[in-house]
Amino acid sequence: MADNTEKRTGALHSELKIELHSHYAIGLWQGRRAEKGEEGAKGKPAIMGMPRFLSLASRINQDSLKNNPWADAAMLALEEKISGASRTMSALINSLDSDMELIPTGVTFTEPGVSAPLDIKVFSNTPLGYRCVYLLIGFDQFSKKVLQASHYALISRTKRDQLLSEGGRLIRQIYGSVISYRSLAVSRLDAVENNAVWQQAVLDLGEPDVDVLLGNRRSAFSPPVNEASVNLLRMRHRANHNAATK
């Protein structure tokens, strides 16, 4: 006789581990703490690394979960930034591959690597965090090929430095895109009520993008929008539009 007792599985667990080989990518991961100058001299400012970026991206994601339209706009902008950087990185890789075609027939290279790469466990509260991590891994692989091509005289030292600088700048620009985000306890329900919280948020942050506010434009990696509040805002928007056109 079959056992009809209901059985449930536990929560799904998984770990993401990465390896970084080039000191260029490792530097982008680690960032740098602020350094004090000697005898009153101006010290070196802090440089953001991936852990700090993941923390800020997580805050944006958490605010998006709370139905905050400015957080939704930040999520959308971050997705677009990462997608654009990925396309640019692909173009840089294609440029390098063209230079690598100078290798004569019969010459082969082994895969570049280091004896002790940096092993890192990665956790992100938002899928966009992982997307940025993947881009950094791509930059690490790109860096290894650039250094290899330079070592074997396939590209000049100038082009080596140019490619590494352009690739690293893509990651830093993504980091920089989340710095200006301000976290406020405000939601679309406040917009529906047009209460003091909403009015103060508009004063502090400016009017949110209408298409984002109404849920028409949204990151593919954002949590589901609060349909009840969006529907109320759409009704109000249509009413205001109809009144303005009469």
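One can find the structure itself at the top, above this paragraph.
Source: prediction; values computed, not measured.

Quick notes on the rules
- Residues numbered from 1 in each chain as written.
- Predicted model: local features only at pLDDT ≥ 70, side-chain atom pairs only at ≥ 80, totals over all residues.
- Heavy atoms only, no water.
- Core = buried A, V, L, I, M, F, W, Y, C linked by side-chain atoms within 4.5 Å.
- Buried < 20%, exposed > 50% of the residue type's maximum accessible area, 1.4 Å probe, protein only.
- Helix = DSSP H or I, 4+ residues; strand = E, 2+ residues; numbered from the N terminus.
- Contact = heavy atoms within 4.5 Å.
- Phe/Tyr/Trp six-rings, centres within 6.5 Å; stacked < 30°, edge-to-face > 60°.
- Salt bridge = Lys/Arg side-chain N within 4 Å of Asp/Glu carboxyl O.
- Arc of directions from axis to C-beta.
- Axes fitted to C-alpha atoms, helices over the stretch in contact; angles between N-to-C directions.
- Parallel < 35°, antiparallel > 145°, perpendicular 65-115°, else oblique.
- Left-handed = near helix turned anticlockwise from the far one by under 90°.
- Nonpolar A, V, L, I, M, F, W, Y, C, P; charged D, E, K, R; others polar.
- Expected span 1.5 Å × (residues − 1).
- Polar contact = N/O pair within 3.5 Å; in protein donor to acceptor, adjacent residues only side chain to side chain.

A. View of the nonpolar core. Core analysis: the biggest nonpolar cluster contains 45 residues, and Trp 29, Met 50, Phe 53 and Leu 136 have the highest contact counts within it. Listing elements by their share of this core, those giving two or more residues are strand 1 (16–20), helix 1 (23–30), helix 2 (50–65), helix 3 (69–100), strand 2 (118–122), helix 4 (127–151) and helix 5 (157–177). Apart from the residues lying within four places of it in its own chain, the contact partners of Met 50 are Leu 28, Trp 29, Cys 132, Val 133, Leu 136 and Tyr 175. Grouped together as the second largest cluster of nonpolar side chains are nine residues, Trp 198, Val 202, Leu 214 and Leu 233 included.

B. The packing of aromatic side chains, seen in detail. Considering all chains together, one arrives at three aromatic pairs under this definition. Between Trp 70 and Trp 198, the aromatic rings sit 4.9 Å apart at their centres with planes inclined by 35°, giving tilted as the arrangement. Taken together, the residues span a long stretch of sequence, with Trp 70 in helix 3 and Trp 198 in helix 7 (residues 196–205) at a distance of 128 residues. Here Trp 198 falls in the buried class, since its relative accessible area comes to 7%.

C. Geometry of the pattern of salt bridges. On inspection of all chains with the given rule, the structure shows eight salt bridges. Across the salt bridge formed by Asp 97 and Lys 145, the nearest N and O atoms sit 2.9 Å from each other. Taken together, the residues span a long stretch of sequence, with Asp 97 in helix 3 and Lys 145 in helix 4 at a distance of 48 residues. With a relative accessible area of 30%, Lys 145 lands in the partly exposed category. One network of salt bridges, in which partners are shared, links Glu 15, Lys 17 and Lys 121.

D. Focus on helix 1. Of the positions making up helix 1, those classed as buried are Ala 25, Ile 26, Leu 28 and Trp 29. Within helix 1, the buried residues cover an arc of 160° as seen down the axis, which keeps them to one side. In helix 1, the exposed positions angled more than 90 degrees off the buried face are occupied by His 23 and Gln 30. Where the residues of helix 1 are buried, they touch strand 1, helix 2, strand 2, helix 4 and helix 5. Immediately downstream of helix 1, the backbone of Gly 31 shows phi near 70°, a positive value.

E. Representation of the packing of helix 2 against helix 4 within the structure. The contact between helix 2 and helix 4 brings their axes to 10 Å, and the two run at 155°. Here helix 4 runs roughly antiparallel to helix 2, going by the angle between their axes. As helix 2 packs across helix 4, the resulting crossing turns out to be right-handed. Residue-level contacts link Met 50, Phe 53 and Leu 54 of helix 2 to Gly 129, Cys 132, Val 133 and Leu 136 of helix 4. Looking at the contact of helix 2 with helix 4 residue by residue, the class counts come to six nonpolar, one polar and no charged.

F. Quick look at helix 3. For helix 3, with 32 residues, the first-to-last C-alpha span of 47 Å sits near the 46 Å given by 1.5 Å per residue. For helix 3, the N-terminal cap is Asn 68; the gap from its side-chain oxygen to the backbone nitrogen of Trp 70 is 2.9 Å.

G. Focus on unusual backbone geometry. Positive phi is not limited to glycine here, since Asn 67 has a value of about 70°. Structurally, the position occupied by Asn 67 is in the loop between helix 2 and helix 3. Unlike most non-glycine residues, Asn 194 shows phi in positive territory, near 50°. Tracing the sequence through the fold places Asn 194 in the loop between helix 6 (188–193) and helix 7. For Asn 194, a relative accessible area of 41% gives the class partly exposed.

H. Representation of the environment of Lys 66 in the model. Along the chain, Lys 66 falls in the loop between helix 2 and helix 3. Accessibility expressed as a relative area gives 57% for Lys 66, which makes it exposed. Separated by 119 residues in the primary sequence, Lys 66 and Ala 185 have C-alpha atoms spaced 8.5 Å apart. Every residue in contact with Lys 66, bar those within four places of it in the chain, is listed here: Val 186 and Ser 187.

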